[in-house]
Amino acid sequence: MAAIVTLKGVTVTFPGAESPIFSGIDFSVNKGEFVIIVGTSGAGKSTLLRVVAGLLEPTAGTVHRAIEESDRRRSSAMVFQEAHLMPWRTVRDNVALGLEGLNLSEEECERRIADALALVRLSEYGTRWPHELSGGQRQRIGLARALAVEPELLLMDEPFSALDAITRQALQDELLSIWAATGKSILFVTHDIDEAIYLGDRVYLLGGSPARIVDSFANTAARPRQRGTADATALATRIKDNLSGVHDHGGGI
Amino acid sequence: MRRHLYGLAGLIVFLLAWELLVASGLVVSSLLSPPSSIPATLASEISLGFWQKMILASLTHYSVGLLLGSTLGVVAGVSVALFPRFDAAQAWVARVLRPIPPLAWIPFAIIWFGISETAAAFIISIGIFWINYFTAHAAVRAVNPDLIEVAVSFGHKSLFRRLQKVILPASAPGILSGIRAGLGQGWMTVVAAELFGITGIGQRMMEAAGLLATQVVIVYMLTIALLYGLSDIAFVTIQNRVLRWQR
């Protein structure tokens, strides 16, 4: 299967820091794949995502993107932990943010905005202001904003971690439906082990200090998945054991 | 509604007390004209053409000073907030110049521009500049860096794009409140700036005061209050429209 993005030996050291935040990271995301990075607090999950997004240059190693950016398309788009919608923009204009730098016709922009809002089931919310939305709705608009640029790869930085459990589970299911409908590749970071097992095709564990990939596995459970099955519990134990192991040797959960 | 009624009642009591103070002889009418003399004086000033002429003259250098002070203040405040080195370089200069009151610049205004409208506009602009400078600086520094990161991640990487997409809209509430404060500061300075002989409301007030025509002085005091009130209402209307996204 063709890799959308491949990282080889990626290391990031912040200026002034004695040791890297993570080092020697190798992984790839294939076309249409749902990849999870689950890790301990401070392991640099968000930083790693920023490296993949091209927002941060690695100190060492390479990031190879199969899809190059052009004036009409972006290779990836990010969904943040907090939606961070621009409060002075309506929902429609927030979704349009990523399209404004692209050389697209007005009709094409409107089609993409309408499609993205339809995917997150908020078509009728276009004229609302962000402060008129619930936390879950804001996060869905954050997702629509990323979907509107029609990226090959969606980068998701703990997008549901600030939501209550019921909304979180509903949005996880909604994300899986969108993923199935669009065929996008997704790189999703989380500290939530159950979320990692429920969503991912492949799971990488990031832990230790400096952080590294301490384990990875394919989750071959059939979809739609059930939560809390014996297989899921076994995988959760494997993740806990691996991350606890590195924690005992200098990591930090 | 009840609040407005109280306000109206307070105003009537104030005017009555003022009228009684003069009518009872406690204050000599040549030192303070009663409110009842104001309508006739205003009518006279209008019919002689002074009122319109003075307002137009004051409005002219007020507007120039406001435009100049606000524009330069906002541009300087935003620029300094964007570039930390520029910020550090200007910090002491700003600390030295900021406490100097606009009126202390009158000698230089006369030396540089003579007794002219330009001199008055210059003095008015100084006070307005500093208000806008500091509010714009603080507003830009307070912009949520996460919003900037979102814009950058969606391709708006250049400084111009970041300004256009995030920094200016996010700091607009602060910048606009600075411009509004400058509107008021400008009217406070306009009279003082005209005291040294530049045509306008301040000059007319000084002429009237010299003749103990306190009713004329009061007419122009109330005129300033009216002009400030009208400009403030107009600005708030625009501000509310621009910031309609706020709760």
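As shown above, the structure is provided for reference.
Let me sum up the structure you'll find in this document.

Definitions and limits used
- Residues numbered from 1 in each chain as written.
- Chains lettered and ligands numbered in written order.
- Predicted model: local features only at pLDDT ≥ 70, side-chain atom pairs only at ≥ 80, totals over all residues.
- Helix = DSSP H or I, 4+ residues; strand = E, 2+ residues; numbered from the N terminus.
- Rg over C-alpha atoms; globule rule 2.2 N^0.38 Å.
- Contact = placed C-beta atoms within 7 Å.
- Buried ≥ 20, exposed ≤ 12 C-beta atoms within 10 Å, placed from the backbone.
- Expected span 1.5 Å × (residues − 1).
- Bend = angle between axes of the 7 residues up to and from the residue.
- Nonpolar A, V, L, I, M, F, W, Y, C, P; charged D, E, K, R; others polar.
- Pairing = 2+ DSSP bridges.
- Axes fitted to C-alpha atoms, helices over the stretch in contact; angles between N-to-C directions.
- Core = buried A, V, L, I, M, F, W, Y, C linked by C-beta atoms within 7 Å.
- Parallel < 35°, antiparallel > 145°, perpendicular 65-115°, else oblique.
- Left-handed = near helix turned anticlockwise from the far one by under 90°.

Now for the overall build of chain A. The number of helices and strands found in chain A is seven helices and nine strands. Radius of gyration (C-alpha) of chain A: 18 Å, near the 18 Å computed for a compact globule of 253 residues. Projected onto the principal axes, the alpha-carbon positions of chain A cover approximately 55 × 40 × 35 Å. Across chain A, the fraction of contacts at a sequence separation of at least 24, relative to all contacts at a separation of at least 6, is 74%.

Now for the overall build of chain B. The helix and strand inventory of chain B stands at 10 helices and zero strands. Counting from the amino terminus, chain B carries its helices and strands in the arrangement α-α-α-α-α-α-α-α-α-α. Relative to the compact-globule value of 18 Å for 247 residues, chain B shows a C-alpha radius of gyration of 22 Å, a clear excess of over 25%. Along the three orthogonal principal directions, the C-alpha set of chain B runs to about 75 × 55 × 30 Å. Taking all 247 residues of chain B together, 33% fall into the buried category. A sequence separation of at least 24 residues applies to 71% of the contacts in chain B between residues at least 6 apart.

Residue and element names in this part refer to chain B. In this model helix H4 (residues 84–97) runs 20 Å from its N-terminal to its C-terminal C-alpha over 14 residues, within 8% of the 20 Å that 1.5 Å per residue would give. The axis of H4 is deflected most strongly, by about 40°, at Gln90. Little of H4 sits inside the fold, with zero of its 14 residues counted as buried.

Right, let's talk about the interface of chain B and chain A for a bit. With 11 residues of chain B at the contact, the number on the chain A side is 15 residues. With five residues, the top contributor of residues to the side of chain B that touches chain A is helix H7 (residues 145–153) of chain B. For the side of chain B that touches chain A, a count of residues per class yields six nonpolar, three polar and two charged.

The next point concerns the sheet that holds strand E2 (residues 22–30) of chain A. All names here are of chain A. Strand order across the open sheet formed by three strands is E2-E1-E4, with antiparallel pairing between neighbours. Both edges of this open sheet fall to E2 and strand E4 (60–65), since each of them pairs with a single strand only. Averaged over all neighbouring strand pairs, the angle between strand axes comes to 5°, with direction disregarded. Of the pairings in the sheet, the one linking strand E1 (residues 3–12) to E4 comprises five bridges and is antiparallel in character. Note on E4: the bridge partner recorded for Thr6 is His64. The strands that helix H1 (residues 45–53) touches are E1, E2 and E4; relative to E1, the one it contacts most, it runs at about 125°.

Right, let's get into the environment of B:Ser24. Within the fold, B:Ser24 resides in the loop between helix H1 (2–23) and helix H2 (38–48). Linking B:Ser24 and B:Ile46, residues 22 residues apart in sequence, is a C-alpha distance of 30 Å.

Membership of the largest hydrophobic core comes to 119 residues, with the highest contact counts inside it found for A:Val95, A:Ala144, A:Leu155, A:Leu187 and B:Ile124. In terms of residue count, the dominant contributor to this core is helix H6 (residues 117–141) of chain B (15 residues). In this structure, A:Ala144 is in contact with A:Val95, A:Ala116, A:Leu117, A:Leu119, A:Val120 and A:Leu122, ignoring residues within four places of it in sequence.

All names here are of chain A. With mixed pairing, six strands are arranged side by side in an open sheet as E5-E6-E7-E3-E8-E9. In the strand order of this sheet, the two ends are held by strand E5 (76–79) and strand E9 (212–218), each with one partner. Across the sheet, the axes of successive neighbouring strands diverge by a mean angle of 20°, strand direction being ignored. Both strand E3 (residues 34–39) and strand E8 (residues 202–207) contribute to a ladder of five bridges, which runs parallel.

Turning to the packing of helix H3 (residues 106–119) of chain A against helix H4 (residues 135–148) of chain A, a few remarks are in order. Residue and element names in this part refer to chain A. Their axes nearest at 8 Å, the elements H3 and H4 cross at an angle of 140°. By the angle between their axes, H3 is oblique relative to H4. When you trace H3 past H4, the crossing you get is right-handed. Across the interface between the two elements, Arg112, Ile113, Ala116, Leu117 and Leu119 of H3 pack against Ala144, Leu147 and Ala148 of H4. Classifying every residue of the contact of H3 with H4 gives seven nonpolar, no polar and one charged.

Here the focus is the environment of B:Gln185. Residues and elements named next belong to chain B. Among the structural elements, Gln185 can be located in helix H8 (residues 159–194). For Gln185, a count of 22 C-beta atoms within 10 Å corresponds to the buried category. Placed 61 residues apart in sequence, Gln185 and Ile124 show a C-alpha to C-alpha distance of 8.2 Å. Not counting the four nearest positions on each side in its chain, Gln185 is found in contact with Gly127, Ile128 and Ile131.

Glycine aside, residues mostly have negative phi angles, and peptide bonds mostly take the trans form. Residues and elements named next belong to chain A. In this structure, the amide linkage connecting Ser209 to the following residue, Pro210, adopts the cis form with an omega of -5°. Counting through the fold element by element, Pro210 comes out in the loop between E8 and E9. Despite not being glycine, Glu150 has its phi angle at roughly 50°, a positive value. In this structure, Glu150 sits in the loop between H4 and strand E6 (153–157). For Glu150, a count of 18 C-beta atoms within 10 Å puts it in the partly exposed group.

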